[in-house]
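Commentary on secondary and tertiary structure
So you can see what is in the structure, the chains are spelled out below.
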Amino acid sequence: MYKIKKDNLSALFQMISANQELYVPAEVNGQVNLAVYREDTKADIDTLKTVKSPKDAFFPQSETLYTCVKDGKKISIEPQELASQNFVVFGMRACDVKGLEVLDRVFLSDPVDSFYAARREHGIIVALACHEPEESCFCKVFGTDAADPSADVAAWLVEDELFWKPLTEKGNSLTEEVKSVLEETDDKDEEKLSKEKENIRAIIEKLPYTNLSLEGWNGEVLMDKFNSPVWDELYKPCLACGTCTFVCPTCQCYDIKDYDTGHGIKRYRCWDSCMYSDFTMMAHGNNRTTQMQRFRQRFMHKLVYFPANNDGMYSCVGCGRCVDKCPSSLNIVKVIKAFEKQQGGEKNE
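Computed from a predicted model, the values in this text were never measured in an experiment.

Turning to the nonpolar core, a few remarks are in order. Phe138, Trp217, Trp231, Phe295, Leu303, Ile332 and Val335 are the most contacted members of the largest nonpolar core, which has 34 residues in total. For this core, the secondary-structure elements that each account for two or more residues are α7 (230-234), α9 (291-309), α10 (321-325) and α11 (332-348). With seven residues, α9 is the single largest residue contributor to this core. Grouped together as the second largest cluster of nonpolar side chains are 26 residues, Phe13, Leu22, Val88 and Trp164 included.

Okay, here's the thing in structure tokens:
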């Protein structure tokens, strides 16, 4: 294991970015999101969560698939090149790394999404433990340890130092590249790190949603949950804004569109939301014609459909972004609690 002074992180970032593209959490227009590192980048590793999840580095909000160019009567198709150079994503949290495991189930299953697969192959993740988890966090519910992230490199910010531990072959290779700015740790550092992990886990145990129960949710309760009257009241404050899907680290729905550049037609894909009335709209219309149906779809997918098709894995990682950002407080925690309340009522009858 290694360490580096927090004040010297710019040297680490410059060394990494000299050989490949580096993404870091950075403040832009008052918000912290992933950004390509430059010498004038305001890196921010103290903010717990980026507004958008770091999935953007592997599944971009918008990306070109191919371009069609017409020359007289001849039309040529130019496929977009796949990612071929290594890049590093620094500062992902344990919940966001878990989110990529969910996306892997979708995009790396047959038929493999070649754009996503190329980015996963060339992406190197340096995950940062959560020094002080927030009240909206509930990653432990979904089996994630915020104190000990699993990635190519795990990192911890302890006092004025960043501890650095390579965990994979990619992580070892990256460490070799930057070893000149790192120091080796000693037994006292190990004790510091052990205490840091204990403190993080102690905070997590005190958070309001840590003991949220998933009892009654799995891939085998489809019709029971689908037909529940709870949805009829629960959805009503929903504004259909789609904020929850755009900040979520596991949402994977996208639309495919064409854009006339004046020099050809670009076919691109961009994130979409199951909360929109025109989602999956086709010539015959839409299978989900009411907002209640669309609202139900989002949470049934997270808690029932996905685990039914992925060996029990839920497609929520407890990052809490929807808790923080939903303008109507209609997040997944509220849904789970509403059904828990209904079950309690049924048991009392």
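The structure having been displayed, the exposition proceeds.
Before going further, it helps to examine the side chain of Arg321. Tracing the sequence through the fold places Arg321 in helix α10. Accessibility expressed as a relative area gives 3% for Arg321, which makes it buried. Separated by 2.9 Å, the side chain of Arg321 and the backbone oxygen of Thr50 make a polar contact. Setting aside residues no more than four positions away along its own chain, Arg321 makes contact with Lys49, Thr50, Val51, Lys52, Ser53, Pro54, Asp96, Val247 and Pro249.

This brings us to the sheet that holds strand β6 (residues 87-92). Taken together, the eight strands give an open sheet; going across it, the order is β3-β2-β6-β7-β8-β9-β1-β10, and neighbouring strands pair in mixed fashion. Single-partner strands in this sheet number two, and they are β3 (31-36) and β10 (183-184). Relative to strand β9 (residues 161-166), strand β1 (residues 2-5) is paired through four bridges, and the arrangement is antiparallel. Bridge pairing in β9 links Ile4 to Leu162.

Calculation notes
Residue positions are given per chain, counting from 1 as you read along its sequence in written order. A pLDDT threshold of at least 70 governs which residues receive local features in this predicted model, and a stricter bar of 80 or more applies before side-chain atom pairs are shown or counted, although totals over entire chains, interfaces and linings include all residues. Side-chain figures throughout are based on the complete set of non-hydrogen atoms in the structure, without hydrogens or water. Here the nonpolar core consists of buried residues drawn from Ala, Val, Leu, Ile, Met, Phe, Trp, Tyr and Cys, with membership extended through side-chain atoms lying within 4.5 Å. The rule is simple: take the accessible area with a 1.4 Å probe, protein chains only, and divide by the maximum for that residue type; under 20% is buried, over 50% is exposed, in between is partly exposed. We count a stretch as a helix when DSSP gives it H or I for four or more residues in a row; a strand needs E for two or more, and each element gets its number in order from the N terminus. Throughout this description, a polar contact denotes any pair of N or O atoms lying within 3.5 Å of each other; where both atoms belong to protein, one of them has to be capable of donating a hydrogen while the other can accept it, and for residues adjacent in sequence the pair is counted only when both atoms sit in side chains. Two residues form a contact once any of their heavy atoms are found within 4.5 Å. Being paired, for any two strands, means DSSP has found at least two bridges between them.

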